[in-house]
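Fold and geometry: a report
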Amino acid sequence: MNPLLLSFPEHFETQRLLIRAPQWGDGQYVNEAIHESVNEMLPWLPFVKNLPSIDDSEAYVRKARLNFLERSDLVLHVFEKNTGQFVGSSGLHRFDWYVRKFEIGYWLRTSRTGDGLMTEAVKGIVAFAISELEANRLDIRCDTRNNASIAVAKKAGFTLEGTLRNVNLNDSGELTDAHIFSIAKGYEFH
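Residues numbered from 1 in each chain as written. Predicted model: local features only at pLDDT ≥ 70, side-chain atom pairs only at ≥ 80, totals over all residues. Heavy atoms only, no water.

Some details on the UniProt feature "domain: N-acetyltransferase" (unreviewed entry) in the protein chain
Within this structure's numbering, the places UniProt gives as "domain: N-acetyltransferase" (unreviewed entry) are residues 33–182. The span residues 33–182 is 35% helix and 35% strand, and its two end C-alpha atoms sit 28 Å from each other. (UniProt positions renumbered as here; feature names shortened; annotations may be inferred. Helix = DSSP H or I, 4+ residues; strand = E, 2+ residues; numbered from the N terminus.)

Take a look at the structure:
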């Protein structure tokens, strides 16, 4: 099975959100959201350690677009339908097309936290992965201290499977643990 031959939509909607593949020109939106949210994202997402320029963000978006088209990584941008505002990023990463297992990652701009937008986005991505990609398993992995990401996983219906001990290093060089949450065909969805 060649993933390049797979056809699936580049966008879908939930009640409040438009979720779509990256497009040329999204770099400015992504850059604004990262700069707004750097203090909250820094403990969990090392890519914000060196704040990107607008050109850096645009280059990232263009590479993400190409990866989406070649089916090697599926970054998804999240926009509020009513305002058109870019509210965050998610997607399906580190996947296996043969097993049909995918990992969901996400971040939300600081000014839009607390409204359930990322939980709604993750639920929409789960539905998309099941219906369009025939997913058998979806994972969320997050630092055991990242209470916001843990809350999203639980509210989106994921089950805590376990904890990976000493799996990452933080900026101080300390080993950290990560939770693995999942939804798996035959267990939580049919």
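Focus: the packing of aromatic side chains
Throughout the structure, instances matching the rule amount to 10 aromatic pairs. Residues F8 and F68 carry aromatic rings whose centres are separated by 5.9 Å and whose planes lie at 70 degrees to one another, so their mutual orientation is edge-to-face. In this pair, F8 is assigned in the segment before β1 (11–13) and F68 in helix α2 (residues 54–70), connecting sequence segments 60 residues apart. Neither F8 nor F68 differs from the other in exposure class; each is buried. The structure contains a cluster of three or more aromatic residues connected by ring pairs, namely F8, F12, F68, F95, W97, F102 and F128. Sitting over the face of the ring of F8, R71 holds its NZ or CZ atom 3.9 Å from the ring centroid. (Phe/Tyr/Trp six-rings, centres within 6.5 Å; stacked < 30°, edge-to-face > 60°. Buried < 20%, exposed > 50% of the residue type's maximum accessible area, 1.4 Å probe, protein only. Lys NZ or Arg CZ within 6 Å of the ring centre and 35° of its normal.)

Digging into the nonpolar core
With 38 residues, the main nonpolar core has L92, I104, V122, L133, L138 and F158 as its most contacted residues. Counting residues per element, the ones that place at least two in this core are β2 (17–20), β3 (74–80), β4 (86–96), β5 (101–108), α3 (117–133), β6 (137–143), α4 (147–155) and β8 (175–184). The contact partners of I104, leaving out residues within four places of it in the chain, are S90, G91, L92, V122, I125, V126, L138, D139, I140 and F158. In this structure, V30, I34, V38 and F86 belong to the second largest nonpolar core, which totals 10 residues. (Core = buried A, V, L, I, M, F, W, Y, C linked by side-chain atoms within 4.5 Å. Contact = heavy atoms within 4.5 Å.)

Regarding unusual backbone geometry
Unlike most non-glycine residues, E134 shows phi in positive territory, near 55 degrees. Along the polypeptide, E134 turns up in the loop between α3 and β6. Phi at N166 takes a positive value of approximately 50 degrees, unusual for a residue other than glycine. Structurally, the position occupied by N166 is in strand β7 (residues 159–169). With a relative accessible area of 49%, N166 lands in the partly exposed category.

Observations concerning the pairing of β4
The side chains of a regular strand alternate, residue by residue, between the two faces of the sheet. When you tally the buried positions in β4, you get nine out of 11 residues, the bulk of the element. Between β3 and the antiparallel strand that follows it, β4, lie five residues; G84 among them carries a positive phi value of about 80 degrees. Taken together, the seven bridges between β4 and β5 define a ladder with antiparallel strand orientation. Counted as the bridge partner of G88 is L108 from β5. Linking β4 back to β5 in an antiparallel pair, the connection comprises four residues, with R100 at a positive phi of about 65 degrees. (Pairing = 2+ DSSP bridges.)

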